[in-house]
2 protein chains.
Amino acid sequence: MRWTRRLLASALAPLAALRAAGAAASMPGPPPLALRAMGSFHVGGREAVISGRPVKEVALRPGGPPVRIDPNGTYQVEAMYVQWFAPAEERGQAPLLLWHGGGMTGAAYETTPDGREGWQAWFLRRGWRVHVSDAVERGRAGFAPSPEVFEGEPLFLTKDVPWERFRIGPGPGSYAVRAALPGSQFPVGAYDALMRQFVPRWTTTDEAQLSAYRALLERVGPAVVIAHAQGAYFALRAAQERPAAVRALVLLEPVGFGEAPPAVLAGVPVLVVHGDHLGQDPRWAAIRDRGRDVVARLAASGGRAELLSLPERGLRGNGHLMMLERNSDAVAEAIQGWLAAQSLWR
Amino acid sequence: MRWTRRLLASALAPLAALRAAGAAASMPGPPPLALRAMGSFHVGGREAVISGRPVKEVALRPGGPPVRIDPNGTYQVEAMYVQWFAPAEERGQAPLLLWHGGGMTGAAYETTPDGREGWQAWFLRRGWRVHVSDAVERGRAGFAPSPEVFEGEPLFLTKDVPWERFRIGPGPGSYAVRAALPGSQFPVGAYDALMRQFVPRWTTTDEAQLSAYRALLERVGPAVVIAHAQGAYFALRAAQERPAAVRALVLLEPVGFGEAPPAVLAGVPVLVVHGDHLGQDPRWAAIRDRGRDVVARLAASGGRAELLSLPERGLRGNGHLMMLERNSDAVAEAIQGWLAAQSLWR
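Because the structure is a prediction, the values reported are computed rather than measured.

**Q** Looking at this structure, how should I read the overall build of chain A?
**A** Helix and strand counts for chain A come out as 8 helices and 12 strands. A buried classification covers 60% of the 346 residues belonging to chain A. Expressed as a percentage of contacts within chain A between residues at least 6 apart in sequence, the contacts between residues at least 24 apart total 74%. In the structure as shown, chain A presents an accessible area of about 12,900 Å², 54% of it carried by carbon and sulfur atoms.

Next up, the structure:
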């Protein structure tokens, strides 16, 4: 019986998402959104020189005549991409930066897989100036010649990985039978829409990514940073290096914490957000414990650090991709409440 | 003396662009922009299975412990990315789709390198529902395992290539001395901002890109398509295959025309737009002549096809990247006038 319902939901959800995104013109929706301005830019990066490589002959079209391609020369590499929207009436007391996690792009904060407005529009409608970015190597940031500039090679996720690793289903084998965790908030019928937004990632580009994030903070900060997973690792490191450029940090299930002493962050309020089912396996339990530990250490050294456990707040069933799940508005509301309590919104 | 002015402009322009994009909040600007809704989606693509490849051991962080990565399995590949904005008051009679050229992403239609609003905002402010996309393999569309799914390897542009190939400077050697064509509209001081938005491209993915463009037209069409260079090649092919899904085609210096008989397009008004300096070298002259020829053939077979030569319209100095150049608003205005004349805007 439960399986029947789940399969039915699976079959219907993509239709609903399609209707919502494609036919927005004809559907009743939220009230109009007044922007003062919108735009985008690339920030950071450097020139890289490649030399000593052989000239290639490449057909620019299958079956076309070969063209001589000399890969040697100077490239512009390792910038990141940022799109921003300024609301007509600004209520946020600083720009709000939304940083994605590993293997993702800024698209994670746009329309949800089930076709609703994501956090980009949610926070914009509440008067925040919102910046959504693609980290170095991801999405519109582009990637550099590899292995010449980016060492190693990109990694790709097979379709089972996010389902089984990000707490949609109960671990290995669950994707094959589309088994979800009890009460999962993930819109399982729209899973393919999630998979379409994953992009490859290198594992050797941390410093280049961090450098561009620093350049972004120097350009638009001081700013509030909401950062997910790998993005939270960069946010914490960037805040430790440039505390004056960060007004607050919201870390969504951060997966690494760096080594800098937490006292450096005494002036920056920090909220660590944890979803549900973190006892699911030893890896998530370790991430949970480390998050609690960092919050305790920051608080002990005089910082304003808090842990927001979504299930303890009554928001049950969230996996690692909380900004994309069915109750994404409620999770945003909880974060917004904390930001308002820090006097960052009025 | 001319060189001094040019160098000075080079030094100052990035500052102006930076100020414009980063500090939009505090600057007087255009009137507010009222949106009914905004969002994004991925469309098209397929599953691809990789098998028989060896399992790898990869450190997810430099110096970190190796993790077992099995590349075999099922991947979601070859979707494209689309971001859309619906104005509160719609005046366009169909959605407007902006398709980028080779090596670029939708960012080409956002803020210009010199920090002004690009065509995305320009057409949105005039009441068009605007869709800006990243083709398969580019930007937020992501790329697939290569060479397993995408044959061959990606190509990258050295910094001299766009300058010398896209009619900013007078051909080979001009980038080294930053020599520009007479009256060039390109904001040469913001050249690095242009280079940051170029992304790698494969040369083997035409059919996958076309397939996703078709899926996009099926989802949001009938639509007006404005398409640049390689994008224009896809637009013409897609329109030949799905004429009922296309209300009008605006082809910005199209670089390929396919082989389908032009009569198929009799019901679709077509505008081919050419910039200045097309006699610059034999390659551009051939592209110019082919453009004229296609317009003549379409018109002869009863189609509504026109050639818009920007210099003949008094808009001089445009290279291949006309949507990014200093007179981008004037070029948009010329296109808008043609669309209105086709009764596609009121």
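There's more to say after this.
**Q** Just to check I follow, could you spell out helix H5 (residues 206–220) of chain A for this structure?
**A** Since one α-helical turn is 3.6 residues long, residues separated by three or four positions face the same way. Along its 15 residues, H5 of chain A runs 21 Å from first to last C-alpha, staying within 8% of the 21 Å computed at 1.5 Å per residue. Buried residues of H5 of chain A: Asp206, Ala208, Gln209, Leu210, Ala212, Tyr213, Arg214, Ala215, Leu216, Leu217, Arg219 and Val220 of chain A, and no others.

**Q** Could you clarify how one ought to interpret the relation of the copies chain A and chain B in this entry?
**A** Once turned by 180° and shifted 0.0 Å along the axis, chain A lies on chain B with an RMSD of 0.0 Å. Here the copies are linked by what is in effect a two-fold axis. A symmetric contact is evident, with 100% of the interface residues of chain A recurring at the interface of chain B.

**Q** Would you take a moment to explain the confidence of the model for chain A for this structure?
**A** A low pLDDT score tells you not to read the predicted coordinates there in detail. Residues and elements named next belong to chain A. Averaged over every residue, the pLDDT of chain A is 90; residues scoring 70 or more account for 89%. A low-confidence stretch, residues 1–26 stays under pLDDT 50, and its non-local contacts, those more than four residues away or across chains, total 33 contacts. Scored as a whole, the predicted complex attains pTM 0.91, and scored at its interfaces, ipTM 0.91.

**Q** What is the right way to read the interface of chain A and chain B from this model?
**A** With 80 residues of chain A in contact, the opposing surface of chain B contributes 80 residues. For the pair chain A and chain B, the two sides together bury roughly 6,500 Å², of which 56% comes from carbon and sulfur. Its largest share of buried area at the contact with chain B, chain A owes to Arg140, Phe143 and Arg196 of chain A, together 12% of the area lost on that side. Linking chain A to chain B there are 8 salt bridges. Across the pair aspartate 134 of chain A and arginine 140 of chain B runs a salt bridge whose closest N-O atoms are separated by 2.9 Å.

**Q** Is there a simple way to explain helix H7 (residues 282–300) of chain B in this structure?
**A** Residues and elements named next belong to chain B. Taking 1.5 Å of rise per residue, the 19 residues of H7 would be expected to cover 27 Å, and the 26 Å separating its terminal C-alpha atoms lies within 8% of that figure. Among the residues making up H7, those that are buried are Trp284, Ala285, Ile287, Gly291, Val294, Val295 and Leu298. Of the surrounding secondary structure, the elements contacted by the buried residues of H7 are helix H3 (160–165), strand E11 (270–274) and strand E12 (305–309). Backbone geometry just after H7 places glycine 302 at a positive phi near 95°.

**Q** Whenever I open this one, the pattern of salt bridges confuses me. Can you help?
**A** Pairing between side chains of opposite charge can happen when the charged atoms of each approach one another. All names here are of chain A. Considering all chains together, one arrives at 42 salt bridges over all chains under this definition. Put simply, glutamate 253 and arginine 167 hold a salt bridge, and the shortest N to O gap is 2.6 Å. In this pair, glutamate 253 sits in the loop between strand E10 (246–252) and strand E11 (270–274) while arginine 167 sits in the loop between helix H3 (160–165) and helix H4 (191–197), placing the two residues 86 residues apart along the sequence. Residue class for arginine 167 comes out buried when judged on its relative accessible area of 1%.

**Q** Looking at this structure, I do not really get the nonpolar core. What am I missing?
**A** Grouped together as the largest cluster of nonpolar side chains are 104 residues, with contacts concentrated most on Trp119, Phe123 and Leu339 of chain A together with Trp119, Phe123 and Leu339 of chain B. Within the second largest apolar cluster, 100 residues are counted, among which are Ala245 of chain A together with Ala37, Trp202 and Tyr213 of chain B.

Thresholds, definitions, all that
Residues numbered from 1 in each chain as written. Chains lettered and ligands numbered in written order. Predicted model: local features only at pLDDT ≥ 70, side-chain atom pairs only at ≥ 80, totals over all residues. Heavy atoms only, no water. Helix = DSSP H or I, 4+ residues; strand = E, 2+ residues; numbered from the N terminus. Buried < 20%, exposed > 50% of the residue type's maximum accessible area, 1.4 Å probe, protein only. Contact = heavy atoms within 4.5 Å. Areas by Shrake-Rupley, 256 points an atom, 1.4 Å probe, with all protein chains shown as cover. Expected span 1.5 Å × (residues − 1). Least-squares fit on C-alpha atoms with pLDDT ≥ 70 in both. pLDDT = per-residue confidence, 0-100. Buried area = accessible area lost by both parts, 1.4 Å probe. Salt bridge = Lys/Arg side-chain N within 4 Å of Asp/Glu carboxyl O. Core = buried A, V, L, I, M, F, W, Y, C linked by side-chain atoms within 4.5 Å.

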